Structure formats: C-alpha cells, structure tokens
Amino acid sequence: MSPRRPRLSGRVAVVTGAARGLGRLLALRLAREGATLVLVGLEPEELEAVAAECGPAAAAFEADVTDAAALAAAAEQAEQRFGRIDVVVANAGIAAGGPFTDIPAAAFDRVVEVNLLGSVATARAFLPALQRSRGYLLQVASLAALTPAPLMGAYCAAKSGVEAFAHCLAPEQAGHGVGVGVAYLSWTDTDMVRGADSDAALRALRARLPWPMNRTYAPEPAVERLVEGIARRRAHVYGQPWLRAVQGLRGVLPVVIGAAAPREIARLSEHLAATRHSRAAAVGAGGTADLRARAARRTG
C-alpha cells in the first residue's frame, strides 16, 4: 500500500497566535499535512522556534492582530514570498475572568479588541489573497460562543461576536469561492486555561459545571479535528465531539445558567473578593505577552 499523500500538500496556511498553545500545535500539524506555514504572533523568538519546527520554508511575522498595518504588511509579504495563501486560521486570543465590575475597563476591552476586532482585522488583511486562491478562513471560537459563562463576560462577548461575524462572512464570500468556518472548543489544556485555573474562584466555579463541560481536554485530539475541518473546508468544526449537541441547547442554556449561577457565585464570594487584585490583565502567558507588547509600543 502506498503512503497517504499529505492532504494539504502545496497549500500555504496562515495561523495567528502561533507562538504557543493551540496555535503552535495546529501549525505543526498542518506542516505534517504538507502545508507551508506562515506564523503570525507577538513573541518573535517563540514564533521563530515554531517556524523552525514547521520546516525550512515556514515564515514568521511579528504582528499584533489589532494592528491593521502590521497584518496588511504580513499578508502582502507572505503572498509575495509564496505566491498564494490558501488557508487562514484566526486563532489569536486572550481571556480575562472575574465579575464584570471587578475587571478594569482596559482589561475587559482588550479581550474584546484582540478576540473580536483582531479576528475582523485578520479577515480584512487576508481575504483578498484568499479570494485569489479561492481559499478557506477558519475562525476559532469557543464553547463560550454557545453558552453564557458567568465571570467570563469579555471572553463570551468576544467569541459570540466572532461566531456571528464568521456566519455573516460565509455567504458574502461564497461567491468568491472562499469557504468560511467556525471552530468550537471547550476547555483545552493551554496556557490560557491554566492561567484561568490559577484563580481559585474561577477554578472552583468551573469544577461545578455539569459534565462534560467541567473537564479539561488534551489539545491534540482537538487539533486533529481542526485539521480535518480545514482539509474538508467545513462550515463548523468541533474540537470536542459533544459540542455539536450543545448547538441544539442554545435556547435553554441561558435560562438554566441564569437560575443556577447566582447561587454558585454567592458561594464563591470570599474567593472572588480575595482575588480581585489579580484582574488587571488577561490570564496566562499569552495575556502576559500581549501586555508586554503593548507596553513596548507605548515606550518605543
């Protein structure tokens, strides 16, 4: 039996937020499927290391996804270098947790800016190239787009927004031959989730969620499903298979959560008060990188 031909051989794939976590693993897996990788993110040393893992042809561009000029430059340079762009995965994201009134406005707004407006900016920068190649755009959303998650208001608002944006974009781009998909993931073992779990109140509240929403999932199976979705240009991709069933429950989940969550939040009031001081920035290593990059731009 002859070996299987890589499914994305000859394709050029862009992944944002590729320096670590899900973005890094997805880039490596796409490279194994034959794609040439274009990595976009904030941490240049980490990006270059991932590019080296992806093969000698891979390219890395340091760019904040909320910086339209930097994204446009990356898109232009990547297309000039490789002659085409076939796949774009809008993966970059950060998160902040806690009661809305405890999160500084700048931290809350930055989560929405990176996750939602950053995805919009990514689409704006790369869609011309995707139209020329009749390519595929995958927007990484979340379980947070399917159900409200108290204490994660900024993240839910942003991920609901990117889901709606992608659903609007899909029919607009169909006439150009561009496929648009949305990927949904539950709690996946990444720096972002570990950062959220470092907050005792958020960790305790998540532990009280019903199974299977209270589990943390290994990223590798989710990455496999994302690659399958990219190869098949699917409109919806589920990192954990049970998320497909949540689609049918969207109408009742706000009612159920609205009834149960106040009691759980009251039970955690002391924990929430004790960790109020830690809510000034996004969680995890990605949040730290975003904070450092913004500080550097202000002083540069």
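Just so you know, these numbers come straight off a predicted model, no measurement behind them.

Conventions used here
Residues numbered from 1 in each chain as written. Predicted model: local features only at pLDDT ≥ 70, side-chain atom pairs only at ≥ 80, totals over all residues. Heavy atoms only, no water. Helix = DSSP H or I, 4+ residues; strand = E, 2+ residues; numbered from the N terminus. Contact = heavy atoms within 4.5 Å. Areas by Shrake-Rupley, 256 points an atom, 1.4 Å probe, with all protein chains shown as cover. Pairing = 2+ DSSP bridges. Axes fitted to C-alpha atoms, helices over the stretch in contact; angles between N-to-C directions. Expected span 1.5 Å × (residues − 1). Buried < 20%, exposed > 50% of the residue type's maximum accessible area, 1.4 Å probe, protein only. Arc of directions from axis to C-beta.

Chemist: Looking at this structure, I do not really get the overall build of the chain. What am I missing?
Modeler: The number of helices and strands found in the chain is twelve helices and seven strands. Restricting the contact set of the chain to residue pairs at least 6 apart, pairs at least 24 apart contribute 70%. For the chain, the exposed surface amounts to about 13500 Å²; the carbon and sulfur share of it is 57%.

Chemist: Got a minute to help me understand the sheet that holds strand β6 (residues 179-184) in this structure?
Modeler: Across a sheet, paired strands are connected by hydrogen bonds in the backbone, their directions being either parallel or antiparallel. Strand order in the open sheet formed by seven strands is β3-β2-β1-β4-β5-β6-β7, with parallel pairing between adjacent strands. The open sheet terminates on both sides in strands that have one partner only, identified here as β3 (59-62) and β7 (236-238). The average undirected angle you get between the axes of adjacent strands in this sheet is 20°. With five bridges connecting them, strand β5 (residues 136-140) and β6 associate as parallel partners. Counted as the bridge partner of Leu137 is Val180 from β6. Those strands touched by helix α3 (residues 68-82) are β1 (12-16), β2 (36-41) and β3, and its axis lies near 165° from that of β3. Its contacts with the sheet place helix α4 (residues 105-133) against β1, β4 (87-90) and β5, and it is angled at close to 180° to β4.

Chemist: Could you clarify how one ought to interpret helix α8 (residues 219-232) in this entry?
Modeler: Because an α-helix packs 3.6 residues into every turn, residues spaced three or four apart end up facing the same way. The terminal C-alpha atoms of α8 lie 20 Å apart, and with 14 residues this matches the ideal 20 Å at 1.5 Å per residue to within 8%. For α8, every residue scored as buried is listed here: Pro219, Ala222, Val223, Leu226, Val227, Gly229 and Ile230. What you see down the axis of α8 is that its buried residues fit within an arc of 160°, all on one side. Buried positions along α8 lie against α1 (21-32), β4, β5, β6 and β7. Of the residues one or two after α8, Arg233 is the one with positive phi, at around 55°.

Chemist: So what exactly am I meant to see when it comes to α1 here?
Modeler: Here α1 spans 17 Å end to end across twelve residues, near enough to the 16 Å set by a 1.5 Å rise per residue. Contact partners of the buried residues in α1: β1, β2, α2 (44-54), β4 and α8. Downstream of α1 by a residue or two, Gly34 has a phi angle that is positive, lying close to 100°.

Chemist: Any chance you could explain unusual backbone geometry here in plain terms?
Modeler: With glycine set apart, most residues show a phi of negative sign, and most peptide bonds adopt trans. Backbone geometry places Arg134, a non-glycine residue, at a positive phi of 55°. By the secondary structure assignment, Arg134 is in the loop between α4 and β5. By relative accessible area, Arg134 is classed as exposed at 53%. Unusually for a residue other than glycine, Arg233 sits at a positive phi of about 55°. Residue position: Arg233 is located in the loop between α8 and β7.

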